[in-house]
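Spelled out from the first residue to the last, the chains are:
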Amino acid sequence: MRQLLTILLALQAAAAPPSGLEVLEVRPSFYVIAGAGANIGVQVGEDGVVVVDAGSSAVSPDVLAAIRRLSPKPIRYVIDTGPDADHVGGNEAFAKAGEKLFGGSFLGGGTPNAVDLLAPVLAAEGVLRHMKSSPAGGLPTEVFHYSRKAMYLNGEAIEVLHQPAAHTDSDVFAFFRRSDVVVAGDVLDTRQFPVIDVERGGSIQGEIAALNRLVELAVPSVPVVTREAGTVVVPGHGHLCDQYDVIDYRDMVTIVADRVRDLMKAGRSIAEVKAAQPAKGYMGRYGNAGGAWTTDRFIEAVYRSLAKEKP
Ligand SMILES: [Zn+2]
C-alpha cells in the first residue's frame, strides 16, 4: 500500500508543472510556459529544443525542469525577443543546459570545444549593446543587424524578424511557420499599454509599425470562424492572442497616439496632454495608476516619440 502511494505521488509530481509555472500545449510541437517573468515559447522536435525568451533568472531551474518534461533532447537555440531582464535572465542557465547542434569540433571527431557545449543565444544586435551596460551575464552569442534571420529546425522554418524602434530598438518576433505561432515579445503586452522604452530606441511610430507587421503575419480563422484555428500570437506578457486580438490592440494604440498628436498640433504641453486624458476609454483595461508602467509614462513616451516627427 505504501509503495503504491509513493508511486502515485511520484506520478502526480511528474504531471504537475513545477512552482507556479503554467505549461500550455499550443500546437503538437509547440508549448508556452507562463509565469516565468515573460511568456516563454518552446518548440520541440527531433533536432532538440528551441526556446524563445528565457524568463527571469530566479525561476530558471523550474523552467528548465518544465522543459525537460516536454523533451529529453538538448536545448539547441535560445532566442531573445528583447533586452529586458525578465526575457534574458535565464540566458546563461539555458545556454549551459543546452548544446550547439553542429559543434565544429564534433564534426572533426575531436574533443568538444567549450563553446560547443553551450546552446547559442540569438538576438538582435541591440540586445547585446543594452545588456553590456549592466553587469548581468548571459550575453547573446549570436547577433544580427539585418531585418530577418532564418533557420530550419525540427522540420519547420523559423523566421526571426527584427522590429526596429518599437518597444526598444532591438525587438524581434520569432515566427514558427509550420506550427503557425508567432512569439511577439514586449511589442504586445495584453496586460497594459505597450512599454515604449524611448531611452533604448523605442518609439510609438515603430510600435505601431511592429503591430501592423504582426497583423500581417497572423492569419485569422476564416472562413470557418468556429474552428478556433488560425495563427497563435504569444505576447511578451498576458494571454495568448489571435489576429483579431492583435488588431484590437493595434487600433487602441493607434487611436491613443492620434489623440496625442492632435493635442500636440493644437499646441498643448505635455502636462496639458496628460490632463486631456488621451487614453480615455482604454484606461480601465490597459491603464495603471501605479507600478512600473503607468498610463502617464505611456503618454509621455508617445509624446516624446511624436515630438521627434517633422512638422
Ligand atoms: Zn517583458
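Shown above is the structure to which this text applies.
These numbers were taken from a predicted model, which means no experiment stands behind them.

Caption draft 1: Highlighting the coordination of the zinc ion. Protein ligation of the zinc ion involves His87 (NE2), Asp186 (OD), Asp186 (OD) and His237 (NE2), the donor distances falling in the range 2.0 to 2.5 Å. Around the zinc ion sit four donor atoms; with metal-centred angles ranging over 55 to 136°, the donor geometry is irregular. Read from N- to C-terminus, the donor residues coordinating the zinc ion fall into the pattern H-x98-D-x50-H. Pair noted here: His87 is in helix H3 (residues 85-88) and Asp186 is in strand S11 (residues 181-189), with a separation of 99 residues, a long-range link.

Caption draft 2: Summary view of the packing of aromatic side chains. In the structure shown here, the tally under the stated rule is five aromatic pairs. Arranged with centres 5.4 Å apart and planes meeting at 45°, the rings of Phe144 and Tyr146 form a pair that is tilted. Taking relative accessible area as the criterion, Phe144 reaches 1% and is therefore assigned buried. Joined through ring pairs, the aromatic side chains of Phe193, Tyr249, Tyr286 and Phe298 make up one cluster.

Caption draft 3: Structural detail: the sheet that holds strand S6 (residues 121-124). Pairing is mixed across the open sheet formed by seven strands, whose spatial order is S1-S2-S3-S4-S5-S6-S7. In this open sheet, the two strands that pair with only one neighbour each are strand S1 (22-27) and strand S7 (142-144). Here the average twist between neighbouring strands, direction ignored, is 20°. The sheet contact formed by S1 and strand S2 (residues 30-34) spans five bridges and is antiparallel. From the neighbouring strand, Glu25 faces S2, where its bridge partner is Tyr31.

Calculation notes
Residues numbered from 1 in each chain as written. Predicted model: local features only at pLDDT ≥ 70, side-chain atom pairs only at ≥ 80, totals over all residues. Heavy atoms only, no water. Donors = N, O, S within 2.8 Å, 3.2 Å for Na, K, Ca; no water. Tetrahedral: all angles 85-135°; square planar, octahedral: opposite > 155°, others 65-115°. Helix = DSSP H or I, 4+ residues; strand = E, 2+ residues; numbered from the N terminus. Phe/Tyr/Trp six-rings, centres within 6.5 Å; stacked < 30°, edge-to-face > 60°. Buried < 20%, exposed > 50% of the residue type's maximum accessible area, 1.4 Å probe, protein only. Pairing = 2+ DSSP bridges. Axes fitted to C-alpha atoms, helices over the stretch in contact; angles between N-to-C directions.

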